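# Report on the structure
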Amino acid sequence: MLSSLVLIVVPLVMTSFLSMYFIKNEAAFSAMSTPEWLAFALLGILSQAFALTPPTFCALVLGYFWGWRTLPMLFLINMASIYLVYKLVKLVDHERFVGFISQNPKASKLMNSIKKDELKIIALAKLSPILPFTFTNFIFALSGAKLRNILLGGFLGMIPRTVMSVWAGAQAKEIRRLLEDPNRDNSQQIVLIALIVISAFGLIWVINRAVKRA
């Protein structure tokens, strides 16, 4: 319960702080060169692996400042973060964790179900915007799932929300211009906002149905 609380509260606090920081320094970030952006983006590996920022936040920020060209980098960040968590779990007292979890019938049942259909369960878990990124990586590593399935399932499951977050971030400047100048011709911007809202709710609905069926 404590770890779950930390994994929810810490990203919320960090993303709130970082959002204000990016807004106050937007001009400086917009002026960064490509090498500077690449170096900055790589920090996302650590921030995601240690549950400081969720992947959707990183995608929104990079999409806002860097557009669609950030998409390959985001997939690299996601995969590297998953790999880092996997290796960290293997470095700690892995057997002690597994032994502690196996004493809980519900947790043990969950571990066994993951082993039966690793790839499907991992992909569906990564589809869900509700389940914490680092926590699921931690659980999958503890379950003994194959690294190949964790990476492939993570990649497949992260595609929809990563693409959507980058798209939302890339269009956010248009929305901001609309809010700053509401008297200009806004028909295109209003349609854009409506599409973002509809697609967001639609994606969440589809993901929730898929997770329930699993």
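Higher on the page you've got the structure.
To start, this report covers the structure provided alongside it.

What counts, and at which threshold
- Residues numbered from 1 in each chain as written.
- Predicted model: local features only at pLDDT ≥ 70, side-chain atom pairs only at ≥ 80, totals over all residues.
- Heavy atoms only, no water.
- Helix = DSSP H or I, 4+ residues; strand = E, 2+ residues; numbered from the N terminus.
- Buried < 20%, exposed > 50% of the residue type's maximum accessible area, 1.4 Å probe, protein only.
- Contact = heavy atoms within 4.5 Å.
- Areas by Shrake-Rupley, 256 points an atom, 1.4 Å probe, with all protein chains shown as cover.
- Axes fitted to C-alpha atoms, helices over the stretch in contact; angles between N-to-C directions.
- Parallel < 35°, antiparallel > 145°, perpendicular 65-115°, else oblique.
- Left-handed = near helix turned anticlockwise from the far one by under 90°.
- Nonpolar A, V, L, I, M, F, W, Y, C, P; charged D, E, K, R; others polar.
- Expected span 1.5 Å × (residues − 1).
- Phe/Tyr/Trp six-rings, centres within 6.5 Å; stacked < 30°, edge-to-face > 60°.

Once that is clear, we can look at the overall build of the protein. When its secondary structure is counted, the protein shows 11 helices and zero strands. In the protein, the succession of helices and strands from N to C terminus is α-α-α-α-α-α-α-α-α-α-α. Going through the 214 residues of the protein one by one, you find that 39% of them count as buried. Within the protein, residue pairs in contact and separated by at least 24 positions form 79% of the contacts whose partners lie at least 6 positions apart. As displayed, the protein offers around 12500 Å² of accessible surface, 70% of which is attributable to carbon and sulfur atoms.

Right, let's get into the packing of helix α3 (residues 34-49) against helix α4 (residues 55-66). The interhelical angle for the contact between α3 and α4, taken along N-to-C directions, is 170°, at an axis separation of 10 Å. By the criterion of interaxial angle, the relationship of α3 to α4 is roughly antiparallel. Facing α3, whose interface residues are T34, W37, L38, A41, S47 and Q48, α4 presents P55, C58, L62, F65 and W66.

What follows covers the environment of P55. Looking at where P55 falls in the secondary structure, it is placed in helix α4. As for P55 and N78, which are separated by 23 residues in sequence, their C-alpha atoms are 7.1 Å apart. Apart from residues no more than four positions distant in its own chain, P55 is found in contact with Q48, N78, F133 and M158.

Where α3 contacts helix α5 (residues 71-91), the axes come no closer than 8 Å and their chain directions differ by 35°. Remark: the crossing between α3 and α5 carries right-handed chirality. Residues L38, A41, L42, G44, I45, L46, Q48 and A49 of α3 lie in contact with α5, whose contacting residues are M73, I77, N78, A80, S81, L84 and V85. Grouping the constituent residues of the contact of α3 with α5 by class yields 11 nonpolar, four polar and no charged.

Further remarks concern α3. Taking 1.5 Å per residue as the helical rise, α3 with its 16 residues ought to reach 22 Å, and the 24 Å between its terminal C-alpha atoms agrees with that figure. Within α3, the full set of buried residues consists of W37, A41, G44, I45, S47, Q48 and A49. Those residues of α3 hidden inside the fold are in contact with α2 (26-30), α4, α5 and α9 (133-143).

With that out of the way, let us pick up unusual backbone geometry. Glycine aside, residues mostly have negative phi angles, and peptide bonds mostly take the trans form. Even without being a glycine, A51 presents a positive backbone phi close to 60°. The topology assignment puts A51 in the loop between α3 and α4. Assessed through its relative accessible area of 12%, A51 is described here as buried.

This part covers the packing of aromatic side chains. One pass over the full model with this rule turns up 13 aromatic pairs. Ring centres of F29 and W37 lie 6.2 Å apart, and the angle between their planes is 40°; on these two criteria the pair is classed as tilted. On the basis of relative accessible area, W37 is assigned to the buried category, the value being 2%. Ring geometry for W37 versus F40: centroids 5.4 Å apart, planes at 80°, classification edge-to-face. Here F40 and W37 lie together in helix α3, a separation of three residues that amounts to about one turn. Every member of this aromatic cluster is reached through a ring pair, and the members are Y21, F22, F29, W37, F40, F57, Y64 and F65.

Time to look at the side chain of T53. Looking at the element boundaries, T53 is found in the loop between α3 and α4. Judged by relative accessible area, T53 falls into the buried class, the value being 4%. Beyond its immediate stretch of four places on either side in the chain, T53 contacts T15, L18, S47, Q48 and C58.

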